[in-house]
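Commentary on secondary and tertiary structure
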Amino acid sequence: MSTDIEQIKQVMAEADVLYTEQQVEASISKVAAEITAQLADANPIVFCVMNGGLIFAGKLLSQLNFPLEYSYLHASRYRNEISGGELFWKAKPEISLRGRNVIIVDDILDEGHTLSAIAEFCRKEEAANVYTAVLIDKDHDRKASPGLKADFTGLSCVDRYIFGYGMDYIGYWRNAPGIFAVKGL
Ligand SMILES: O=P(O)(O)OC[C@H]1O[C@H](OP(=O)(O)OP(=O)(O)O)[C@H](O)[C@@H]1O
Ligand SMILES: Nc1nc2[nH]cnc2c(=O)[nH]1
C-alpha cells in the first residue's frame, strides 16, 4: 500500500514543537563539549546507529576536535513502526572493537532496549569501554532497566511519539528541522 503523502504533510502541520532547531543545535554543542572533556585522549571509535542517529552523529562529529575513528552500525527495533519489537541487526560493526573505547551515538533513548543490546554486543566484542550518547531521552518508567540513562544526553522529552532530527514518523520527517510530537500520540 502506498503512503498517503497528504496525511504525512498533515502530521507535520499539526505536530507540537518540542524543541526548535536552535535549541537542538545548542544541545548538540553541549554534548560535544561533555564528550570532549571526558574522552579527548581516549582514541575512540564513534559508531552512528543508523538510521536515526545520522543527523545527530553528523552534527556532533564536526564538533569533536580530537583524534577519533568513525563508523556505523544498523540495528532496528521499530522498522518504521511506532512501537518496538525484537532487535534486528542489519549491519554489525566491521572494525575490531577489542581493547577500544567505543562511543555509540543514537537519536533517542526510549525504552533503551536498542542501546542496551548494542552496548552489550560491543562488550562481548571486548571493547575496553562502551559509552552511549543520545540526542534525546524520553521520560517514562518503562526503561529496559530501572533508571537507564545514556552517558551523554542532549535533551529530554515527554512520553509522546516524536520525530525530526533523524527520528521518523513512519519513515518520513527524519529531515524535520526541530523535534516535534505527533498530534494525539
Ligand atoms: O530505546 P528504544 O525503545 O529501544 O528505541 C530507540 C530506538 O528506536 C529508533 O530506532 P528504530 O528501530 O526505529 O530504527 P531507525 O533508527 O531506522 O529509525 C531509534 O533510532 C533508536 O535506535
Ligand atoms: N521516531 C521515533 N522513533 C522512536 N523510537 C523509539 N521511540 C521513538 C520515538 O518517539 N520516535
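Here, residues in each chain are numbered from 1, in the same order as that chain's written sequence. Starting at A for chains and at 1 for ligands, labels are handed out in the order in which the entities are written. Per-residue local features of the predicted model are confined to residues with pLDDT of at least 70, and side-chain atom pairs are confined, for both listing and counting, to 80 or more; whole-chain, interface and lining totals are unaffected and use all residues. Note that water and hydrogens are dropped before the side-chain values are worked out from all heavy atoms of the structure.

As a per-residue quantity, pLDDT reports the predictor's confidence and falls between 0 and 100. On average, residues of the protein chain score 94 in pLDDT, and 96% of them reach the 70 mark or higher. Interface confidence in the predicted complex, given as ipTM, is 0.97; pTM for the same model is 0.94.

Throughout this document, a residue counts as near a molecule or strand when at least one of its heavy atoms sits within 4 Å of that molecule or strand. Around ligand 1, the surrounding shell holds 17 residues, and the nearest of these are R77, D106, D107, G112 and T114. Compared with its free state, where it exposes 500 Å², ligand 1 has 95% of that area covered by protein. Just so you know the grouping, Ala, Val, Leu, Ile, Met, Phe, Trp, Tyr, Cys and Pro go in nonpolar, Asp, Glu, Lys and Arg go in charged, and all remaining residues, Gly too, go in polar. Looking at side-chain class alone, the shell around ligand 1 contains four nonpolar, six polar and seven charged residues. Throughout, the Shrake-Rupley method with a 1.4 Å probe supplies accessible areas, and for residues the shown protein chains are the sole cover considered.

Bringing the site of ligand 2 into the picture now. Every residue near ligand 2 is listed here: Y78, I108, D110, K138, R160, Y161, I162, M167 and D168. Two N or O atoms count as a polar contact when they lie within 3.5 Å, although within protein this holds only if one can serve as hydrogen donor and the other as acceptor, and sequence-adjacent residues are included solely when both atoms are side-chain atoms. At 2.7 Å, a backbone N or O of D168 approaches a nitrogen atom of ligand 2. Burial of ligand 2 by the protein chains amounts to 93% of its free accessible area of 280 Å². A breakdown of the residues in the shell around ligand 2 according to their chemical character gives five nonpolar, no polar and four charged.

We now examine the sheet that holds strand β8 (residues 162-163). For two strands to be treated as a pair, DSSP must find no fewer than two bridges joining them. Numbered from the N terminus, helices here are DSSP runs of H or I no shorter than four residues, and strands are runs of E no shorter than two. In space, the three strands of this open sheet follow the order β1-β9-β8, with antiparallel pairing throughout. Only two strands of the sheet have a single neighbouring strand rather than two, namely β1 (16-20) and β8. By the bridge criterion, two bridges tie β8 to strand β9 (residues 178-181) in an arrangement that is antiparallel. Residue pairing in the sheet places I162 in a bridge with A181 of β9. On top of the sheet, helix α2 (residues 21-39) reaches β1 and β9; it is set at about 40 degrees to β1, its chief contact. Between two residues, a contact is recorded if the distance between any of their heavy atoms is within 4.5 Å. To obtain each axis, a line is fitted to C-alpha atoms, and for helices this fit is confined to the stretch in contact; angles are then taken between N-to-C directions over 0 to 180 degrees.

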